[in-house]
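A look at the structure
Each chain, letter by letter, is given below.
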Amino acid sequence: MNILKLLDRLSDDKFFTAEASRLDAITNITNFGKKAAVASIPLGLGVLMATPVKAETTTSSSAVFATPLIDALQLALTLEYLEDEYYRMGLAKSGLITSAADRVVFSQISKHETAHVAFLKSALTSLGTAPIAKPTFDFTVKGAFDPMNDYPTFLTLAQAFEDTGVRAYKGQAGNVMSNKDVLTAALQIHSVEARHASEVRRMRGNKGWIELAVGGNMPPATNAVYAGEGVTVQAGFNTATLFGAEAGSAAYDEVLSGSDAAAIAGLFIV
Amino acid sequence: MISRAGFFNLFETELKNNIMKKTISVSNGAATLDTNRRNFLKLSGVGLALAGLTLVGCNDDDFTMIDNGNVFDLGTGDVGVLNYAYALEQLEADFYTKVVNNFYSGISAEEKQIFTDLYHHEVIHRDFFKAAIGGAAPNSILPTLEFQYPGVNFSDRNSVLATAKALEDTGVAAYNGAGKYITNPDYLVLAGKIVSVEARHAAAIRDLISPRTAAFSGDDVINAMGLDLAKEPKDIVAAAGSFFKTPFTWKERGI
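Residues numbered from 1 in each chain as written. Chains lettered and ligands numbered in written order. Predicted model: local features only at pLDDT ≥ 70, side-chain atom pairs only at ≥ 80, totals over all residues.

1. Examining the overall build of chain B
Scanning chain B from terminus to terminus reveals 6 helices and 2 strands. The 255 residues of chain B split such that 45% are buried. Put simply, of all contacts in chain B between residues at least 6 apart along the chain, 72% involve residues at least 24 apart. (Helix = DSSP H or I, 4+ residues; strand = E, 2+ residues; numbered from the N terminus. Buried ≥ 20, exposed ≤ 12 C-beta atoms within 10 Å, placed from the backbone. Contact = placed C-beta atoms within 7 Å.)

Okay, here's the thing in structure tokens:
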């Protein structure tokens, strides 16, 4: 199935507000692997189980139904597949990451992304859903970039991927909060991506945090990664009053909707 | 902040289980969702036990509740979690305020910039929680706490960096462990917006300590499944307890 169609549902307000409105009613928190959890979701969503996704044969008219929780995990898995493959390729490419110290950094990042893929696959499986298949990636974006031959470009896209990951996970918090184990795990992955992002940004001479809506020496193609990061009002509180807009905006990372995150990932999917 | 008259009104507040109707507006920023239906911070489970407190040192800015047999309880439900976050942000803000008011000897330009940014961010976080909780649950907000730093040498780079690292890692683990206790999705998003910044901080501090190594995201905090720490409030308060001079409880979370 086209990942963008699958994930379009994440921007479907009906699903999100349905999720939110039932939160008041949910008192029994489910654990990983309890299929009964899906059945307990009101509004009939529980009877709509996700079916195994076959990328080659499924059309947009196929009835693939899943809960926002499942969709969120599939989106996360897609992003982790992307990062996992990207770093494996980069580390394996002879002559690309030549600094021993940088190899240590990217080996650590790569190790985590590989672990995240495995973790999310097992989470989906334990929830009774087949994990989405790994897409085919093109990190050159049809020749626009050359990350595997140009190290600065490799670093640039790495920063984009990590900053995207942070925002994407954040955007799914509401969709996974019904399952406390999934929520906690998502938070635990989300903060790791933020650590990655901070490190890669600093390797590129940027601050570890995002000020205004500026990525920091990033190509226009990555504007979507930083759009909306410059906000300086949080729940009615003006965060720029004390120390200015840079500090106020940097103190908070912003969400990315599921469809926005999917769109960014989609740039790199064949 | 609370007026003297308002403080004494607290003695008349009875414990309720009703949902507080007071709301503040929420902006969801870049989210593409329809936020109109969700522009409320609703609080539930507000509880307060403040009988027999002595008002000490009331000045124009704040007051400190002194233990007179009773200690401030962070509260129940989402209010408790918000106060918990507020307590930790107060600690971080206090620490970095001390750091920037007297930078350690030999501090580099980069380090000065980083600590100044961290000071800015944590003070903003602290004041945000003060405003948010003060607006939505003014009778339940955690007062301004006092802190202490036993064994910390603010004029020593290693000591300051090690303490900063501990505080940031603790913040990340605290938010990660408390997320599941939040019932309002808007609060969860707000907590999410903050925790990733704390993680960015943590990585930067760790990188200052051990530059261009795996430390930024070390195996001491990230496990074999690639998961960062998530700690229960009880464990966080036990670990960070030595910094808190003003005591507090959080009975709902066993503290």
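2. Some details on unusual backbone geometry
Residues and elements named next belong to chain A. At lysine 142, a residue that is not glycine, the phi angle is positive and equals roughly 55°. The exposure class assigned to lysine 142 is exposed, which follows from the 8 C-beta atoms found within 10 Å. Backbone geometry at leucine 212 places phi at a positive 55°, although glycine is not the residue there. Considering the arrangement of structural elements, one finds leucine 212 in the loop between helix H8 (180–203) and helix H9 (223–226). Taking the number of C-beta atoms within 10 Å as the measure of exposure, leucine 212 has 15 and is therefore partly exposed.

3. Here we look at the environment of tyrosine 84 of chain B
Residues and elements named next belong to chain B. Considering the arrangement of structural elements, one finds tyrosine 84 in helix H2 (residues 77–101). Residue tyrosine 84 is classed as buried on the basis of its 25 C-beta neighbours within 10 Å. Considered as a pair, tyrosine 84 and aspartate 73 are 11 residues apart in the sequence and their alpha carbons are 10.0 Å apart. Apart from the residues within four sequence positions on either side, tyrosine 84 is in contact with Leu74, Ala178, Pro233 and Trp250.

4. Observations concerning the environment of proline 152 of chain A
Residues and elements named next belong to chain A. Topologically, proline 152 is positioned in helix H6 (residues 151–171). Exposure remark for proline 152: the 10 C-beta atoms within 10 Å place this residue in the exposed category. In sequence terms proline 152 and glutamate 193 are 41 residues apart; their C-alpha atoms lie 20 Å from each other.

5. With respect to the domain arrangement of chain A
Residue and element names in this part refer to chain A. Parsing chain A into structural domains produces domain 1 (3–207 + 255–266) and domain 2 (210–252). In this complex, domain 1 contributes 13 residues to the contact, which on the side of domain 2 involves 10 residues. Those elements that provide at least two residues to the side of domain 1 that touches domain 2 are H6 and helix H11 (258–266). It is H6 that provides the largest number of residues to the side of domain 1 that touches domain 2, a total of 5 residues. For the side of domain 1 that touches domain 2, the per-class residue count stands at 4 nonpolar, 4 polar and 5 charged. (Domains from an automatic or database assignment. Nonpolar A, V, L, I, M, F, W, Y, C, P; charged D, E, K, R; others polar.)

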